[in-house]
Amino acid sequence: QFHKCFQKLLTAVCNSQSGKPIVIVGDLNLDLLTTGHNDRNQRELHAHGFQQYVKKSTHCSGSLLDHVYCNRDVSTWQSATYYSDHDMLWITLCLS
C-alpha cells in the first residue's frame with residue numbers, strides 16, 4: 001500500500017515541478033548499507049531521475065538511515081552531533 005501511494009505522490013510532484021530541482025530528504029529507516037538499492041521505492045526514485053547522495057553511515061549503529069535524493073547534482077557532507085544519534089546532513093544545490 002505504501003509503495004502505491006509513494007509512487008503516485010512522486011509522479012505528481014515530478015509532473016508539477018517539471019524542470020525544477022526536487023530534493024527529498026529524510027530518516028527513512030531503510031539501511032542502504034544492508035538492503036542496497038533494490039528496494040521498490042529506491043527503484044521508483046531512480047526511474048524518476050533521482051540519485052541518492054549519502055554514501056556512508058548516518059547513525060551511531062553504523063546504518064545509513066538518512067537519505068538525500070535529488071534530480072540534480074548536489075554535494076552532501078555530514079557531521080556528528082551531540083544531541084542526536086543521527087549525523088547532521090548538509091546539502092549544497094547549485095541553482096545556476
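Enquirer: Can you explain the layout of surface pockets? Please cite residues and give values.
Expert: Considering only enclosed or pocket space, the largest pocket measures out at about 160 Å³ in volume. What lines the largest pocket is simply Phe2, Phe6, Ile24, Leu28, Leu30, Asp39, Asn41, Gln42, Leu45 and Tyr69. Of all the elements in the fold, those that place two or more residues in the lining of the largest pocket are helix H1 (2-16) and helix H3 (40-47). The greatest single-element share of the lining of the largest pocket, amounting to three residues, is contributed by H3. Looking at the lining of the largest pocket residue by residue, the class counts come to seven nonpolar, two polar and one charged.

Enquirer: I'd like a rundown of the nonpolar core, residues and numbers included.
Expert: Generally speaking, a soluble globular protein has its nonpolar side chains buried in company with each other. Grouped together as the largest cluster of nonpolar side chains are 13 residues, with contacts concentrated most on Leu10, Cys14, Leu32, Leu45, Phe50, Val54 and Tyr69. Ranked by residue count, the leading element in this core is H1, at three residues. If sequence neighbours within four positions are ignored, Tyr69 has contacts with Ile22, Val23, Ile24, Leu28, Leu32, Gln42, Leu45, Phe50, Gln51 and Gln52.

Enquirer: I'd love a proper account of H3, names of residues and values included.
Expert: What H3 keeps buried is the set Asn41, Gln42, Glu44 and Leu45. Looking straight down H3, one finds that the buried residues subtend no more than 160 degrees of arc, so they occupy a single side. Summarising the contacts, the buried residues of H3 are in contact with H1, strand S1 (23-27), helix H2 (32-35) and strand S3 (66-70). Positive backbone phi, approximately 90 degrees, marks Gly49, located one or two places after H3.

Rules used in this analysis
- Position numbers for residues start from 1 in each chain and track the written sequence from start to end.
- With pLDDT at 70 or above as the cut-off, local features in this predicted model cover only qualifying residues; side-chain atom pairs require 80 or more to be listed or tallied, and sums for whole chains, interfaces and linings still use all residues.
- Only hydrogens and water are set aside when side-chain values are computed; all heavy atoms of the structure are taken into account.
- With a 1 Å grid spanning the protein atoms alone, the term cavity applies to any set of points in which a 1.4 Å probe fits but cannot get out, the term pocket to an open set with protein on both sides within 12 Å along at least five of seven lines, and the term lining residue to any residue with an atom within 4 Å of a point.
- Grid points are joined across faces, edges and corners, and a volume is the space filled by probe spheres set on the points.
- Helix and strand assignments follow DSSP, with helices taken as H or I runs no shorter than four residues and strands as E runs no shorter than two, numbered in order from the N terminus.
- The residue classification treats Ala, Val, Leu, Ile, Met, Phe, Trp, Tyr, Cys and Pro as nonpolar and Asp, Glu, Lys and Arg as charged. All others, Gly included, are polar.
- Residue types Ala, Val, Leu, Ile, Met, Phe, Trp, Tyr and Cys, when buried and joined through side-chain atoms within 4.5 Å, form a set referred to as a nonpolar core.
- Throughout, exposure labels follow a simple rule: accessible area from a 1.4 Å probe, protein chains only, divided by the maximum for the residue type, with under 20% read as buried, over 50% as exposed, and the rest as partly exposed.
- It only takes one pair of heavy atoms within 4.5 Å for two residues to be counted as in contact.
- Here the arc refers to the set of directions running from the helix axis out to each C-beta atom.

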